[in-house]
Amino acid sequence: MLALIPMIFAGVGAAHAQEPETVRLSGYVRSAANDEVLRTARLEIVEPGLSIATNRFRYYSIELAPGGYTIRVSRLGYETVTRDVNLEATTSADFALPPRPVSVAELTVETEHEPPDVDPGTVEMSVIQFDTPALSRLPVVLGEADPVRTLTLYPGITTTNDATTAINVRGGAGDENLILLDDSEVFNPAHAIGLFSTFNSDAVDDVTLYKAGIPARYGGRLSSVLEIHQREGNSREFEGSATLGLLSSRLNLEGPLFDGNGSWLVAGRRTYADLFLGLASDPEVRESTAYFYDLNAKANARYGATGQVMVSGYFGRDRLKVGSVASVGWGNAAGTMRWNHGFGPIFSHVTLAFSDYDYHIQSGFNARAVSLDSRVRHLSLSVDESWTLGARDQLQFGAGIGRYDQRTGARLPAERGLTSRDGGGGDLRVRDRAEHQQPAALLMAGRRAVRLAALSGCLFAAACERIVEVEIPAPPEPRLVVEGRIALVKGAPGGTQRVRLTTTDAFFSNRPAPPAVGAGVTVTDGAGGVYPFTETEPGHYVTNDLHARIGETYALSIDYEGDRYAASASLTPVAPIDSLYFIFEEETLVNDTAGYRAAIDYTDPPGGPDFYLWEQFVDGVNEPPPSSGNQFNLVSRDDLYDGRPVIGFEPNNEVVIEPGAHVMIRQASLSRRGYDDYYALFEQNALGTGNSFSIPPATIRGNVANTTRPERYPFGFFGAAEVSVADGIGPAR
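Residues numbered from 1 in each chain as written. Predicted model: local features only at pLDDT ≥ 70, side-chain atom pairs only at ≥ 80, totals over all residues. Heavy atoms only, no water.

Asks: What am I meant to see in the overall build of the chain here?
Replies: Assigned secondary structure in the chain consists of eight helices and 42 strands. Here the chain, with 733 residues, has 46% of them falling under the buried criterion. Taking the intrachain contacts of the chain between residues at least 6 apart in sequence as the baseline, contacts between residues at least 24 apart amount to 64%. Just so you have it, the chain exposes about 36400 Å², and 56% of that area is on carbon and sulfur atoms. (Helix = DSSP H or I, 4+ residues; strand = E, 2+ residues; numbered from the N terminus. Buried < 20%, exposed > 50% of the residue type's maximum accessible area, 1.4 Å probe, protein only. Contact = heavy atoms within 4.5 Å. Areas by Shrake-Rupley, 256 points an atom, 1.4 Å probe, with all protein chains shown as cover.)

Now the structure itself:
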């Protein structure tokens, strides 16, 4: 298809050559200071009274009758240039505008109504544009001018908090925006866990945000498209600048190429908090690292009257390491090759773009350590054409093709120890013991990563206190809450089956859940067996007659206060616990207390998917503290370790086992529905504790239905599971 483009353009040129009554004037508008092309310049042909604007590539093209014309070229922030042009044939002409500061006298504006914030006559509604001079005049955050954070000054654009650059456009989520840097997609536009964006203001030329009416050439996004162009550099003379800031330092160099027919630019930025961490007295802090850096580069060359070739690139990385506990690294790489050329009324734009984003999480730096790497890449080729049909009409068309490549996987250290890496690269040899330990470390990596991010966020956190009076509405009518599980304990086919019934209470209530007394509870199996449950204490219903079987389906029926509730569950097998033992862990920035933690070994059966629930009892008390990340430990699915041994897994590594304490761990099977329910429940417990400043709880509906009044649905879950039990005594220190 690309080979046909010159032929098409040649045909267009030939067709126009047969029409001597008009000639074409085209070219670029540039800055007289450094020869960089200027965005949104306007050209006025005085005699006919025509006015046109440069396109998004700063190119203009217009057909006129042969003769002499006076052309006036203007742009905000630059002097207006007027030139007489005698057109006898098709001509290319560039205009250079000298910079001019904008100064105005005092102005009083009176109006009877609010003018519209957009021009109803333009196709590009809800578009925000600004360039580097506008950015440099705005207040900065900690010495860093940020193009992305500047967008939040405009209506309809917000961030979730002050410590993130992820923008929410008109209520959309942060991941619903397409972000382009010189036509290359940027997957994660954030440094320092979101405090700064990846865009160095020294290298940015202009920023355009489409909040609505997104052009078709971008392929569409749910929320918005953010397009950022890098500066081309000074094609007249070499120049540079250096900036020393509170958090980072920047260096910018630029200069001419090919005797002024091109230019280049290189800009770099790096933070240096890691240099000060090495001066700390705490060895854990000295071994910690926290920094980010990025590098922007661009080169372009002009040929002929309207041709240009451009190559640009970006590379940036973040590195965060907390002592000997964990390390996190992530970064973006982007590259663009672009060819522009004007063929009479048609302007062609061909782009080859490459984007790469990866992150690396490493948990621990010992024989039990594990690393997790993920990467996404994007390669695209696009052809964009712009055909100027007249002074007011333009046709845009094109085609594109792209490919995404996404990889996620765990990697382990080579034969000795673990080498901290920023991410990516190379296969690693694995020892047998370490291979078995990988799944256990993966199960705990999510929780440690959450705590690591929270610890890092404390560097930028601030607190305030204000008394807020809240009018609390009356609590709604209580709902039934069901907690029931038909259990088959390995090695003990009999046993007591239990169902607990409670009711909901007021949100700010601190009393125990009110029991649901006087209910009728019955369970039936597929063979026709009926097992009534007896209330032994308020809200607790038991039976000793039901002997569970693997593969059997059990139906629960509850009659309570005139309503009937029903649920069913099938009993699935679980892998046995091979051993329970205790691992001593030192006090670190993540582990608040040194001591022994309970760990288990088991082998996941192949074939899956299998889902697990763990309960850890210490001296008879179930201890799953509701902390951020618990959902990664107390429930799990075997996607990453299907059919493999799991060695040294700690179901609840926040609980320190005291000497002589009796520890029992129960490993139960879950259905997919049960896994989703428990995961949501643990996650919600991690986010709120029931005080005035907790996140309001969401409605988590289980598998129990109210068959009498469906709108009065209950909460809770009824399941059936095989359970493997192991116990041990905490060792002396």
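Asks: Whenever I open this one, unusual backbone geometry confuses me. Can you help?
Replies: Only a minority of non-glycine residues have a phi that is not negative, and only a minority of peptide bonds are not trans. With a phi angle near 50°, Arg 170 is a residue other than glycine that sits in the positive phi range. Located in the positive-phi region is Asp 182, a residue other than glycine, with phi close to 50°. Tracing the backbone shows Asp 182 in the loop between strand S12 (177-181) and strand S13 (184-185). Owing to a relative accessible area of 0%, Asp 182 belongs among the buried residues under this scheme.

Asks: Just checking my understanding: could you explain the pairing of strand S23 (residues 326-343) for this structure?
Replies: A regular strand places its side chains on the two faces of the sheet in alternate fashion. Burial analysis of S23 places 14 of its 18 residues in the buried class, which makes it a mostly covered element. The pairing of strand S22 (residues 307-322) with S23 spans 15 bridges and is antiparallel. For Gln 308, the partnering residue across the bridge sits in S23 and is Asn 340. Here S22 folds back onto S23 in antiparallel fashion, the turn holding three residues, of which Gly 323 has a positive phi close to 50°. (Pairing = 2+ DSSP bridges.)

Asks: For this particular structure, what's the right way to read the sheet that holds strand S35 (residues 595-603)?
Replies: Strand pairing within a sheet occurs via backbone hydrogen bonds; the two strands may be parallel or antiparallel. Read across the sheet, three strands follow the order S34-S35-S39 without closing on themselves; strand pairing throughout is antiparallel. Among the strands making up the open sheet, the edge pair consists of strand S34 (577-585) and strand S39 (645-649). Taken pair by pair, the neighbouring strands of this sheet meet at an average axis angle of 20°, ignoring direction. Relative to S35, S34 runs antiparallel, the two being bridged by eight bridges. Of the residues in S35, the one forming a bridge with Phe 582 is Ala 598. (Axes fitted to C-alpha atoms, helices over the stretch in contact; angles between N-to-C directions.)

Asks: Where do I start with the pairing of strand S24 (residues 346-363) in this structure?
Replies: Here S24 lies mainly inside the structure; 14 of its 18 residues are buried. One ladder, built from 18 bridges, connects S23 with S24; its direction is antiparallel. Within S24, the position partnered with Phe 343 by the bridge is Ile 346. Taken together, S23 and the strand that follows it, S24, pair antiparallel across an intervening segment of two residues, in which Gly 344 is found at a positive phi of about 60°.

Asks: Looking at this model, I keep getting lost on the pattern of salt bridges. Mind explaining?
Replies: Applying the stated criterion to the full structure yields 29 salt bridges. Of the charged contacts in the structure, one is a salt bridge between Asp 274 and Arg 270, with a shortest N-O distance of 3.4 Å. By relative accessible area, which is 32% here, Arg 270 ends up partly exposed. The structure contains a network of salt bridges with shared partners spanning Arg 317, Asp 356, Asp 358, Arg 375 and Arg 377. (Salt bridge = Lys/Arg side-chain N within 4 Å of Asp/Glu carboxyl O.)

Asks: What's the story with empty space enclosed by the protein in this structure? I'm lost.
Replies: Any space left empty among the atoms is revealed by the rolling of a water-sized probe across them. Applying the stated criterion to the full structure yields two cavities of 30 Å³ or more. Estimates place the volume of the largest cavity at around 130 Å³. Lining the largest cavity are 16 residues, with Val 37, Arg 58, Glu 232, Lys 298 and Arg 338 sitting closest to its centre. Those elements that provide at least two residues to the lining of the largest cavity are strand S16 (204-210), strand S17 (224-230) and S23. Of the residues assigned to the lining of the largest cavity, the class counts are three nonpolar, four polar and nine charged. (1 Å grid on protein atoms, 1.4 Å probe; cavity = no way out; pocket = protein on both sides within 12 Å on 5 of 7 lines; lining within 4 Å. Points joined across faces, edges and corners; volume = space filled by probe spheres on them. Nonpolar A, V, L, I, M, F, W, Y, C, P; charged D, E, K, R; others polar.)

Asks: When you look at the nonpolar core in this model, what are you seeing that I'm missing?
Replies: Nonpolar side chains in soluble globular proteins tend to end up buried together. Leu 480, Ile 486, Leu 501, Val 521, Tyr 554, Ile 558 and Phe 718 are the most contacted members of the largest nonpolar core, which has 26 residues in total. Residue assignment for this core shows that the elements contributing at least two residues are strand S27 (480-489), strand S28 (497-503), strand S29 (520-525), strand S30 (530-537), strand S32 (553-560), strand S33 (563-570) and strand S42 (715-729). When sequence neighbours within four positions are dropped, the list of residues in contact with Val 521 reads Val 499, Leu 501, Tyr 531, Pro 532, Phe 533, Tyr 541, Leu 556, Ser 557 and Ile 558. (Core = buried A, V, L, I, M, F, W, Y, C linked by side-chain atoms within 4.5 Å.)

Asks: Which parts of the structure should I look at to understand the environment of Thr 289?
Replies: Mapped onto the elements, Thr 289 comes out in strand S21 (residues 289-303). With 16 residues separating them along the chain, Thr 289 and Ala 273 place their C-alpha atoms 7.8 Å apart. Non-local contacts of Thr 289, meaning those with residues more than four positions away in its chain, are made with Asp 274, Leu 277, Arg 319, Leu 320 and Lys 321.

Asks: Mind showing me how you'd approach the sheet that holds strand S2 (residues 42-45) here?
Replies: The strand order across the open sheet formed by four strands is S3-S2-S5-S6, and the pairing between neighbours is antiparallel. Strands at the two margins of the open sheet, each flanked by one partner only, are strand S3 (50-53) and strand S6 (78-87). With direction set aside, neighbouring strand axes in the sheet form an average angle of 20°. The pairing of S2 with strand S5 (residues 67-75) spans four bridges and is antiparallel. Each residue of the ladder has a partner; that of Glu 44, found in S5, is Arg 72.

Asks: Explain the environment of Ile 550 here, please?
Replies: Take Ile 550: it is sitting in the loop between strand S31 (540-543) and S32. Owing to a relative accessible area of 46%, Ile 550 belongs among the partly exposed residues under this scheme. Each C-alpha atom, one on Ile 550 and one on Leu 571, is 5.3 Å from the other, the two residues being 21 residues apart in sequence. The residues touching Ile 550, leaving out its near neighbours within four places in the chain, are Leu 488, Leu 571, Pro 573 and Glu 722.

Asks: Explain the confidence of the model for the chain to me, please; I cannot follow it from the model alone.
Replies: Interpretation of this model should avoid reading the predicted coordinates in detail wherever pLDDT is low. Put simply, the chain has an average pLDDT of 80, and 78% of its residues get 70 or more. Predicted confidence for residues 412-465 stays below pLDDT 50, and this span has 115 contacts to residues more than four positions away or in other chains. Across residues 687-696, confidence stays below pLDDT 50; counting only partners more than four residues off in sequence or on other chains, it has nine contacts. (pLDDT = per-residue confidence, 0-100.)

Asks: When you look at a nonpolar patch on the surface in this model, what are you seeing that I'm missing?
Replies: On the surface, Val 311, Met 337, Leu 352, Phe 354, Leu 379, Leu 381 and Ile 401 cluster together to form a nonpolar patch covering roughly 610 Å² of accessible area. If you list the elements that add at least two residues to the nonpolar patch, you get S24 and strand S25 (370-388). Along the chain, Met 337 falls in strand S23. (Patch = residues over 30% accessible without salt bridge, like charges linked within 9 Å, V, L, I, M, F, W, Y side chains within 5 Å.)

Asks: Sorry if this is basic, but what is going on with the side chain of Thr 54 here?
Replies: If you trace the backbone, Thr 54 turns up in the loop between S3 and strand S4 (59-64). A relative accessible area of 9% means that Thr 54 is categorised as buried. Residues contacting Thr 54, with those up to four places away along its chain left out, are Val 29, Leu 38, Arg 39, Thr 40, Ala 41, Leu 43, Tyr 59 and Tyr 60.

Asks: Can you walk me through the packing of aromatic side chains in this structure?
Replies: Two aromatic rings are characterised by how far apart their centres lie and by the angle between their planes. Applying the stated criterion across every chain yields a total of 18 aromatic pairs. Ring centres of Tyr 291 and Tyr 293 lie 6.3 Å apart, and the angle between their planes is 20°; this geometry places the pair in the stacked category. Taking relative accessible area as the criterion, Tyr 293 reaches 26% and is therefore assigned partly exposed. Here the aromatic cluster, defined as three or more aromatic residues joined through ring pairs, consists of Tyr 602, Tyr 612, Trp 614 and Phe 649. Over the ring of Tyr 713 we find Arg 479, and its NZ or CZ is 4.7 Å from the ring centre. A cation over a ring is seen here: Arg 701 above Tyr 713, with NZ or CZ 3.7 Å from the ring centre. (Phe/Tyr/Trp six-rings, centres within 6.5 Å; stacked < 30°, edge-to-face > 60°. Lys NZ or Arg CZ within 6 Å of the ring centre and 35° of its normal.)

Asks: I would appreciate a short explanation of the environment of Trp 264 in the present structure.
Replies: Examined against the element boundaries, Trp 264 turns out to sit in strand S20 (residues 262-271). Judged by its relative accessible area of 23%, Trp 264 falls in the partly exposed class. A sequence separation of 31 residues divides Trp 264 from Gly 233, and the C-alpha atoms of the two residues are 5.2 Å apart. Each residue touching Trp 264, except ones within four places of it in the same chain, is listed here: Glu 232, Gly 233, Phe 238, Leu 253, Glu 254, Gly 255, Pro 256, Leu 257, Lys 298 and Ala 299.

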